[in-house]
Amino acid sequence: MVAISFLMLRKNLAAKLIFYIGTILVLTMGIIAFVNINLQKKHLIEGIQRNAVQLSQTIERSIKYDMLTTRTDYVQRTLEEIGKQEGIESVRIFDKKGSIIAADSAADIGRFIDRQQEACSTCHQAKDPLKSLSSQDKTRIFISEKGTRVLGIINPIYNEPECFNSACHFHPKEQKVLGVMDILLSLAEFDELIGTGQRQILLSLIFSFLMIAVSTGLIIMAFVNAPIHKLMEGTQKIASGDLSYRIRSRHSDEIGRLANSFDDMSVSLKNSREEIEQWNLKLKNEVKRATEKLTQANEMLNIANKKLRELDNMKSDFMRRIEHGSRSHLSVVKSCLNLILREPHSELSDQQEALIETAERRSSTMLELLDDYLLLSYRKSAKGAYHIEPVQLADLMTKIIAEIRAKSLKKNIVIDIHIPSDFPQVWADRSGLNEVFSNLLNNASKYTEEPGTITISAKQKEDYIEIHVSDTGIGIAPEDLSKIFDEFYRSPNAKSYQIEGTGLGLAIVKEIVEAHHGRIMVQSELGKGSTFTVVLPKCADQTA
Amino acid sequence: MKMSKPGAKILVIDDDPDFRKVISLTLESKSYNIVTARNPLEAREKLLAEKPDLILLDIMMDSIFDGYSLCHEIKTSEKFHELKNTPIIFISAVKEKAGSRLAFNPAEQGLVGPDDYIDKPPQPEDLFDRIERLLNRIRR
């Protein structure tokens, strides 16, 4: 319950205001009322006290003559009469010892009152009783023996010259206080008055609180709640998209001004939106146009692509046909020439024989060229995908050398392999590696005259492997070193020795090595020999 | 290598007459008997008529497929039942060596392939070796 109302308080401005104003009002009024009532009480009591003192003095004076003339029965009758007065509970005169010598009720005469009693405490609290009292001390309020609220007045009867000089010589001169007159006034009327007063104040308090609360509430509703609601409504309408709604407040206070500036804001929002929409349209058109252009460009690209592919296919086709045709014809040429040379041909002159040999040699080279070119194209194309696997280098080299030995007529060339037995396997494409070293070793063999030496060695470094193929052959001239890897390039030096070659071998080697992310390098000295170095990266998990 | 069977009959199938001529001369120099055919059609006739001991087949006639299907036919069909053990060597102008990735793989097509391959033009010594090896094999 509390939680719900607390929640309502948080969300409702009017409720908040009313609650807090109400609380302050109640507190303020409460304090004022409280203070007021107490002040009133105080004043009234003071008044009563003064009256009471006056009354006791009056009573004292009224019985003084009779006391002086020791007409105690008169005193008693006076007191009895006074005692009948409404509001006076009791009037008693005590002598020094504390016994009642006269009272409004005859039955009390002779009663002894203890000094220790509450009623006597004002003077008799200390060991030596007080000799005089201020007006306030003379009176005190308490509950009487009968249970009613009373105001008690103590009026000490002082020893005056008239007394100790009187005819009866009852009281000695030295005695300061002859006795005490004790009057009890009922506070019932007073209490009733106070009670009524309090009730009146309370009622007027409640009434004024309600008045203020209700009127405050209404005023707040009218000047705060209603305009704010209108404002809220307006903002919600605008938030939901209706930018033509205007709040049009009639007030010119802060809320009214807020509503007006809100209206201004909606106007500018509306304008902005319209502007944006215009821009949007423009952009859309631009985009449309750009897209059209792109589509056109794309189409043109597609057409160009298609043409390129067609051309590529035509080229491949062309190459294939040329290759096939060439090979067919060359096969016949070579076989014929071969046959002539195989069979007895004594009728041919040496020169004729040499010419036929040359023709046969050249047709062989031509066929090799076709093979090499086919290989190179294959390796360069995407179909030449490499299948990486661990390859035992020593085994590879041994096989290649065996093939070379089988085909070569040069028997006086020493081939040394220096590959340590614990040399790691090379991670590469097996057939690719085969081609690389076949080419390099065939070259070494081709370009080295007998007697000669070919050396194969391999070295392991931290991140890569180096394989060297050295020969003691004809060497390569400095100006040719960079060109020998070019397609179809044959150095003048090589040609001068009449050594056949296609010009594609090293191009194939370079293509394959670089496809393995490696490098091919060459060092050479004309007439002394050459060293080709293949550098291949180690596989990732081989790197030390 | 000593000739196992002097006068063995070899059928050469090739569409190039000059090539047929020169191969025949080359082989005759080694005392083989040569019969020739121009194309698979003629080949089929000659096969039954001549019953050769070995077949040399150029597979670049018209289409590779012709050569392979003829080979398959000779080795598996009822018609050439008598010749099913006759060794066949393909002569190819394209590197058809086993292991070459340019090669057409007959097994992939469900065809029975030849007993050997040789490049065109064949080195005479190489050709003689292979022929002898295959002829010897049959003897056993």
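What you see is a predicted model, and the numbers here were worked out from it, not measured in a lab.

A closer look at the overall build of chain A
So, step 1. Across its full length, chain A holds 13 helices and 12 strands.
So, step 2. Each of the 544 residues in chain A was classed as buried or not, and the buried ones make up 35%.
So, step 3. Accessible area for chain A stands at about 34,300 Å²; split by element, carbon and sulfur atoms hold 58% of it.

A few points about the packing of helix α8 (residues 254-342) of chain A against helix α1 (residues 17-28) of chain B
So, step 1. As a packed pair, α8(A) and α1(B) sit with axes 9 Å apart at the nearest point and diverge in direction by 30 degrees. One finds that α8(A) runs roughly parallel with respect to α1(B). Seen from above, α8(A) lies across α1(B) with left-handed handedness. For the pair α8(A) and α1(B), contact is made by A:S331, A:V332, A:S335, A:C336 and A:L339 and by B:D18, B:F19, B:V22, B:L25 and B:T26, respectively.
So, step 2. Taken together, the residues of the contact of α8(A) with α1(B) break down into 6 nonpolar, 3 polar and 1 charged.

Here we look at the interface of chain A and chain B
In many analyses, interface size is given as the accessible surface area lost on bringing the parts together.
So, step 1. Contacts between the two partners involve 20 residues from chain A and, on the opposite side, 20 residues from chain B.
So, step 2. Overall, the association of chain A and chain B removes approximately 1,700 Å² of surface from exposure, summing both partners, and the carbon and sulfur fraction of that is 61%.
So, step 3. Applying the counting criterion to the chain A and chain B interface returns 1 salt bridge.
So, step 4. For the pair chain A and chain B, the number of links is 2 residue pairs in polar contact (both at pLDDT 80 or more).
So, step 5. Residues of the side of chain A that touches chain B, tallied by class, amount to 6 nonpolar, 6 polar and 8 charged.

A word on unusual backbone geometry
So, step 1. Of the consecutive residues A:E450 and A:P451, the connecting peptide bond is found in the cis state with omega at -10 degrees.
So, step 2. Mapped onto the secondary structure, A:P451 falls in the loop between α11 (430-446) and β9 (452-460).
So, step 3. Cis geometry marks the peptide bond from B:K120 to B:P121; its omega dihedral reads 0 degrees.
So, step 4. Mapped onto the elements of the fold, B:P121 is located in the loop between β5 (116-119) and α4 (124-139).
So, step 5. For A:H517, which is not glycine, the phi dihedral falls at a positive 65 degrees.
So, step 6. Structurally, A:H517 is set in the loop between α13 (505-515) and β11 (519-525).
So, step 7. Of note, the phi angle at B:K51 is positive, near 50 degrees, even though the residue is not glycine.

How each quantity is defined
- Residues numbered from 1 in each chain as written.
- Chains lettered and ligands numbered in written order.
- Predicted model: local features only at pLDDT ≥ 70, side-chain atom pairs only at ≥ 80, totals over all residues.
- Heavy atoms only, no water.
- Helix = DSSP H or I, 4+ residues; strand = E, 2+ residues; numbered from the N terminus.
- Buried < 20%, exposed > 50% of the residue type's maximum accessible area, 1.4 Å probe, protein only.
- Areas by Shrake-Rupley, 256 points an atom, 1.4 Å probe, with all protein chains shown as cover.
- Axes fitted to C-alpha atoms, helices over the stretch in contact; angles between N-to-C directions.
- Parallel < 35°, antiparallel > 145°, perpendicular 65-115°, else oblique.
- Left-handed = near helix turned anticlockwise from the far one by under 90°.
- Contact = heavy atoms within 4.5 Å.
- Nonpolar A, V, L, I, M, F, W, Y, C, P; charged D, E, K, R; others polar.
- Buried area = accessible area lost by both parts, 1.4 Å probe.
- Salt bridge = Lys/Arg side-chain N within 4 Å of Asp/Glu carboxyl O.
- Polar contact = N/O pair within 3.5 Å; in protein donor to acceptor, adjacent residues only side chain to side chain.

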